[in-house]
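# Observations on chain architecture
Here is how the chains run, residue by residue.
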Amino acid sequence: MMNKVLLEGRPTKDPVYEITELGKNRVTMFLACKGYNKNQDADFFKCIGWGKTAERVRDYVIMGLLISVEGQLRSYTYDDPTTGQHRYETYVKIDHVNFLESKEDRQKKNAERELVPCNWQESDNLDPDSKDK
């Protein structure tokens, strides 16, 4: 039997990296993938990576970067602690990530994210408790 998934798309946000209670590295991201039909809306897939893969995703994947993800479709069930309802969730377990844009494109996107324009001037008083209004 085979369980193989290949997706191409862009992360909707920066991946979330964490260390679990058991001390394992985990990264989670949502990948937006367009369909074959031009008029079709994007589909969003939850992708989870572990160990070295999680570290690689944390270090190199950013929001909007075109990547491909190879992995396996996984599912699990749990009881929602707030409602007590039985929930079923499916995700892609990341085995490999391939970068489909050049290093220069990645660096440019990273630089654009770090340079947030600010129109603040010294004459602007942003302190709401200030007496000068």
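Only a predicted model underlies this, so the values are computations on that prediction, with no experimental measurement involved.

As enumerated under the stated definition, the model contains 3 aromatic pairs in all. Plain terms: the ring middles of Tyr60 and Phe99 are 6.3 Å apart, the flat faces sit at 75° to each other, and that makes the pair edge-to-face. Pair noted here: Tyr60 is in helix H1 (residues 51-60) and Phe99 is in strand S6 (residues 86-99), with a separation of 39 residues, a long-range link. Three or more aromatic residues joined by ring pairs make a cluster, and in this case those are Tyr76, Tyr78 and Tyr91. Above the ring of Tyr17, the side-chain terminus of Arg58 is found at 4.5 Å from the ring centroid.

Tracing the backbone through its elements, the reader meets Gly64 in the loop between H1 and strand S5 (67-79). Classification of Gly64 by relative accessible area gives buried; the value is 19%. Considered as a pair, Gly64 and Thr12 are 52 residues apart in the sequence and their alpha carbons are 6.4 Å apart.

Another point: the confidence of the model for the protein. Counting all residues, the mean pLDDT for the protein is 84, and 82% of those residues have values of 70 or more. Per-element confidence in the protein ranges from a low mean pLDDT of 72 for helix H2 (residues 103-114) to a high of 96 for strand S2 (residues 16-19).

What follows is about the state of the cysteines. Under the definition given, this model contains 0 disulfides. Just so you know, Cys33 is unpaired, no disulfide at all, and the nearest cysteine sulfur is the one on Cys47, 7.2 Å from it. For Cys33, a relative accessible area of 5% puts it in the buried group. Relative accessible area serves as the criterion here: at 0%, Cys47 is assigned to the buried category.

Below, the discussion takes up the pairing of S6. Sheet topology places strand S4 (residues 43-50) next to S6; 2 bridges connect them, and they run parallel. By the bridge assignment, Ile48 is partnered in S6 with Lys93. Bridge count between S5 and S6: 13 bridges; the pairing is antiparallel. Looking across to S6, one finds that Asp79 is bridged to His86. Hairpin connection from S5 to S6: 6 residues lie between these consecutive antiparallel strands, with Gly84 at a positive phi of about 80°.

Cut-off values and rules
- Each chain carries its own residue numbering, running from 1 in the written order of its sequence.
- Totals for whole chains, interfaces and linings use every residue, but because this is a predicted model, local features are given only for residues with pLDDT of at least 70 and side-chain atom pairs only at 80 or more, for both listing and counting.
- Neither water nor hydrogens contribute to the side-chain values; these are computed over all heavy atoms in the structure.
- Planes of paired rings set the category: under 30 degrees apart is stacked, over 60 is edge-to-face and the rest tilted, where pairs are Phe, Tyr or Trp rings (Trp by its six-membered ring) whose centres lie within 6.5 Å.
- By the criteria applied, helices consist of DSSP H or I runs no shorter than four residues and strands consist of E runs no shorter than two, each listed in order from the N terminus.
- Working rule: Lys NZ or Arg CZ, within 6 Å of ring centre, within 35 degrees of ring normal, means a charge sits over the ring.
- Only protein chains enter the area calculation, which uses a 1.4 Å probe; residues under 20% of their type maximum are buried, those over 50% are exposed, and those in between are partly exposed.
- Summary of the metric used: pLDDT quantifies the predictor's per-residue confidence within the range 0 to 100.
- The disulfide criterion is simple: two cysteine sulfur atoms within 2.5 Å.
- Should DSSP find at least two bridges between two strands, the strands are taken to pair.

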